[in-house]
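These are the residues of each chain, in order.
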Amino acid sequence: MSILVTGGAGYIGSHTAAELIEKKEDIIILDNLERGHKEAVLGGKLIVGDLRDKDFLKKVFSENQIEAVIHFAAYIEVGESVVDPLKFYNNNVISTLNLLSAMNEAGVKKIVFSSTAATYGEPENVPIIESDKTLPTNPYGETKLTVEKALKWADKCLGIKHVILRYFNASGAHISAKIGEDHNPETHLIPIILQVALGKRDDIKIFGNDYGTPDGTCIRDYIHVTDLADAHVRALNKLRADNTSEIYNLGNGKGFSVKEVIDIARKVTGQPIKEVLAPKRTGDPAILVASSQKIINELKWAPRYDKLETIIETAWNWHKSHPKGYNI
């Protein structure tokens, strides 16, 4: 029996696929390669196709013995979702409904879903806990929450059990530096900082320095991508063990400001990394930090790469060896 990893050629999907391979799991990676990279697939069987194609999905499930699904395939950029929300609903929601229908028809009753802290919107607590209100402030977060609600009813009505993982700022790269973060355009803080260190950008923009934080810049929770991958494997094994649905936050539990991230990147890279102050962005909360106590207690998960220096160092090793991403 195989584990189907949708979006397995993307950033977090490829690292989870690598973790599954290390655990001797038989995996099938499904990706349309629109934003994923064939070079990020380190093993398993790669099937190229789109989840919005129902006939294609039906064929995948009929021709393969699939035990469970780990579902990453989605558009993820918040800014893009605001510009074109219907595109995000079509890709993130419709494709997942197609996937759930195909799973149900094939009798596949286990799914681990890649969700996001964006489902919470403006936090009511710091750190954020799983029972906090979910009031997304952008279409991206809303599409993920819509899928979460669909999963709830797929469980109640169809018996499809799920683990939903809401995670915070995925960061870093595989310790081998074989795979890493390659988005185009890049919008995530750490890779943008490292692009400055590589001379690919002139500076890093700090969007506001008068937040109610110690140094005035936003504080975020950064979690290493391999730690995320480990949590997905544990979530899969939880479904195997007790066949019950659950939701977990995934984060370091520690917050670092934008200035702190830049300073640590200077230390790791040995480069000056010019910073420039820019106006605040609408909708940026001052602090977003996760409580991961629930998954620590229930699944015995704990981050192995919890130091920001280590997270940035692994990312730096990837970017140095892949200055043009996978197009080297």
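This section reports on the structure supplied with the text. Computed from a prediction, not measured in an experiment: that's the story for all the values here.

## Considerations on the sheet that holds strand E1 (residues 2–6)
Phase 1 of the analysis: Pairing is parallel across the open sheet formed by seven strands, whose spatial order is E3-E2-E1-E4-E5-E6-E11. Two strands close off the open sheet at either side, each with one partner strand: strand E3 (45–48) and strand E11 (246–250). Strand-to-strand twist in this sheet, taken as the mean axis angle between neighbours without regard to direction, amounts to 20 degrees.
Phase 2 of the analysis: Across seven bridges, the pairing between strand E5 (residues 110–116) and strand E6 (residues 161–167) is parallel. Counted as the bridge partner of Ser-115 is Arg-166 from E6.
Phase 3 of the analysis: Sheet contacts for helix H7 (residues 225–242): E1, strand E4 (66–71), E5, E6 and E11; angle to E6, the most-contacted strand, approximately 160 degrees.

## Some details on the packing of helix H4 (residues 85–106) against helix H5 (residues 139–158)
Phase 1 of the analysis: The interhelical angle for the contact between H4 and H5, taken along N-to-C directions, is 20 degrees, at an axis separation of 9 Å. Between H4 and H5, the interaxial angle falls into the category roughly parallel. Between H4 and H5 the crossing geometry is right-handed. Across the interface between the two elements, Pro-85, Phe-88, Tyr-89, Asn-92, Val-93, Thr-96, Leu-97, Leu-100 and Asn-104 from H4 touch Pro-139, Tyr-140, Glu-142, Thr-143, Thr-146, Val-147, Ala-150, Leu-151 and Leu-158 from H5.
Phase 2 of the analysis: Classifying every residue of the contact of H4 with H5 gives 12 nonpolar, five polar and one charged.

How each quantity is defined
Residues numbered from 1 in each chain as written. Predicted model: local features only at pLDDT ≥ 70, side-chain atom pairs only at ≥ 80, totals over all residues. Heavy atoms only, no water. Pairing = 2+ DSSP bridges. Helix = DSSP H or I, 4+ residues; strand = E, 2+ residues; numbered from the N terminus. Axes fitted to C-alpha atoms, helices over the stretch in contact; angles between N-to-C directions. Contact = heavy atoms within 4.5 Å. Parallel < 35°, antiparallel > 145°, perpendicular 65-115°, else oblique. Left-handed = near helix turned anticlockwise from the far one by under 90°. Nonpolar A, V, L, I, M, F, W, Y, C, P; charged D, E, K, R; others polar.

Function cannot be inferred from these measures alone, as they are strictly geometric.
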